Amino acid sequence: MKQPLISIRPFIGASSFALSRQFYTDWGFEEVVLSPNMSFFKSGNFGFYLQDAYVKDWIDNTMVFLEVLNVTEYWNQLTALDLPARYETVRVVPIQAYDWGKECFVHDPSGILWHIGEFYNK
């Protein structure tokens, strides 16, 4: 395609829309309310749509990869938020190194798996 891409904005669901909204705000995303059952969460020029929709198979199989410049710095900032202490079902998994780069993980309140990673070579 010759048309340049501007962004990609996945749609994710939530088992508890109110809880997930608060979680993503606490994580550091800025919420833009679009309707009573949908919000856009952004950080800089990047973002995603959170829907008040729950389909177990969909949520259980949703993964989002968030690329960062420095995963170690991001990890330090992420763990300082202490999200698992504030949200019963939230888990964070420490950085793991692979041949392509390294990443850590966040499981949101609904179970959506976020990969936060840094590539060695682009």
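This text goes with the structure placed above it.
An account of the accompanying structure is given in this report.

As for the side chain of Glu 103
Take Glu 103: it is sitting in strand β7 (residues 101-107). Lys 102 provides the closest opposite charge to the buried, salt-bridge-free Glu 103, at an N-O distance of 12 Å. Within the structure, the side chain of Glu 103 is placed 3.0 Å from the side chain of His 115, a separation counted as a polar contact. In this structure, Glu 103 is in contact with Phe 65, Val 71, Pro 94, Ile 95, Gln 96, Tyr 98, His 115, Ile 116 and Gly 117, ignoring residues within four places of it in sequence.

Section: helix α3 (residues 71-80)
Side chains three or four residues apart in an α-helix point the same way, a direct result of the helix having 3.6 residues per turn. Those residues of α3 not exposed but buried are Val 71, Tyr 74, Trp 75 and Leu 78. For α3, the arc enclosing every buried residue in end-on projection is 100°, short of the 170-degree limit, so these residues lie on one face. More than 90 degrees from the buried face of α3, the exposed residues found are Gln 77 and Ala 80. Buried residues belonging to α3 abut α1 (17-27), β5 (63-67), α4 (83-86), β6 (91-97), β7 and β8 (113-119). The backbone nitrogen of Thr 72 has a side-chain oxygen 3.0 Å away, supplied by the residue at the start of α3, namely Asn 70. Taken from the residues just after α3, Asp 82 is the one with a positive phi, measuring 50°.

Regarding the sheet that holds strand β1 (residues 11-12)
Reading across the sheet, the four strands line up as β1-β4-β3-β2 and stay open at both edges, with mixed pairing between neighbours. In this open sheet, the two edge strands, each paired with only one partner strand, are β1 and β2 (30-35). Sheet topology places β1 next to strand β4 (residues 46-51); two bridges connect them, and they run parallel. Bridge pairing in β4 places Phe 11 opposite Tyr 49.

Definitions and cut-offs
Residues numbered from 1 in each chain as written. Predicted model: local features only at pLDDT ≥ 70, side-chain atom pairs only at ≥ 80, totals over all residues. Heavy atoms only, no water. Helix = DSSP H or I, 4+ residues; strand = E, 2+ residues; numbered from the N terminus. Buried < 20%, exposed > 50% of the residue type's maximum accessible area, 1.4 Å probe, protein only. Lys, Arg positive; Asp, Glu negative; His and termini not counted. Salt bridge = Lys/Arg side-chain N within 4 Å of Asp/Glu carboxyl O. Polar contact = N/O pair within 3.5 Å; in protein donor to acceptor, adjacent residues only side chain to side chain. Contact = heavy atoms within 4.5 Å. Arc of directions from axis to C-beta. Pairing = 2+ DSSP bridges.

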